[in-house]
Amino acid sequence: MSADPKNEEELIVRDYLARQRTTMANDRTLLSYIRTALYFLVSGTALIEVKALDHVSDLGYVAFALSVGLLGLGFYNYFRVKRKLEKHYYKQM
């Protein structure tokens, strides 16, 4: 995180630690989006490839689309929050 050194010195320890917790929470949220996208990807593959589930194979394509959508949403949210943290817009999140 590239923050202004002058602004870093003005923060008390409690505020600095709160920012670090928020940054780590943002990282965990991105990992949760990735994990959920992978679950949908695996489910979609199973629904398409298993011949016994041929009548629901269209749901596999829906799961693929949800996987890509969730991955995109996760990265968008991650970079949006990261940008706000770097610009010190804490109250606008």
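Residues numbered from 1 in each chain as written. Predicted model: local features only at pLDDT ≥ 70, side-chain atom pairs only at ≥ 80, totals over all residues. Heavy atoms only, no water.

1. Focus on helix H2 (residues 13-49)
Test applied: Strands are runs of DSSP state E lasting at least two residues, helices are runs of H or I lasting at least four, and both sets are numbered from the N terminus onward. What a helix should span is 1.5 Å times the count of its residues minus one. Note on classification: 1.4 Å probe, protein chains only; a residue is buried when its accessible area is under 20% of the maximum for its type, exposed when over 50%, partly exposed between these limits.
Compared with the 54 Å implied by 1.5 Å per residue over 37 residues, the 54 Å span of H2 between its first and last C-alpha is a close match. When H2 is considered as a whole, its buried residues turn out to be Arg 19, Asn 26, Leu 30, Ala 37, Gly 44 and Ile 48.

2. Details of a nonpolar patch on the surface
We count it as follows: Surface patches are defined over residues having more than 30% relative accessible area and no salt bridge, joining like charges when they lie within 9 Å and nonpolar side chains (Val, Leu, Ile, Met, Phe, Trp, Tyr) when within 5 Å. Each accessible area is a Shrake-Rupley result for a 1.4 Å probe, and residues are judged covered by the shown protein chains and nothing else. Here, a salt bridge means any side-chain nitrogen of Lys or Arg that lies within 4 Å of a carboxyl oxygen of Asp or Glu.
A surface patch of nonpolar side chains, amounting to about 280 Å² of accessible area, comprises Val 13, Tyr 16 and Leu 17. One can find Val 13 in helix H2. Residue Val 13 is classed as exposed on the basis of its relative accessible area of 60%.

3. Comments concerning the side chain of Ser 67
Inclusion rule: As used in this structure description, the phrase polar contact means that two N or O atoms lie within 3.5 Å; if the pair is within protein, one of them must be able to donate a hydrogen and the other to accept it, and residues adjacent in sequence are counted only when both atoms belong to side chains. By definition, residues are in contact when any of their heavy atoms lie within 4.5 Å.
Along the chain, the position of Ser 67 falls in helix H3 (residues 57-86). The class for Ser 67 is buried, based on a relative accessible area of 7%. Only 2.8 Å separates the side chain of Ser 67 from the backbone oxygen of Ala 37, close enough to count as a polar contact. Excluding residues that lie within four positions of it along the chain, Ser 67 makes contacts with Ala 37, Phe 40 and Leu 41.

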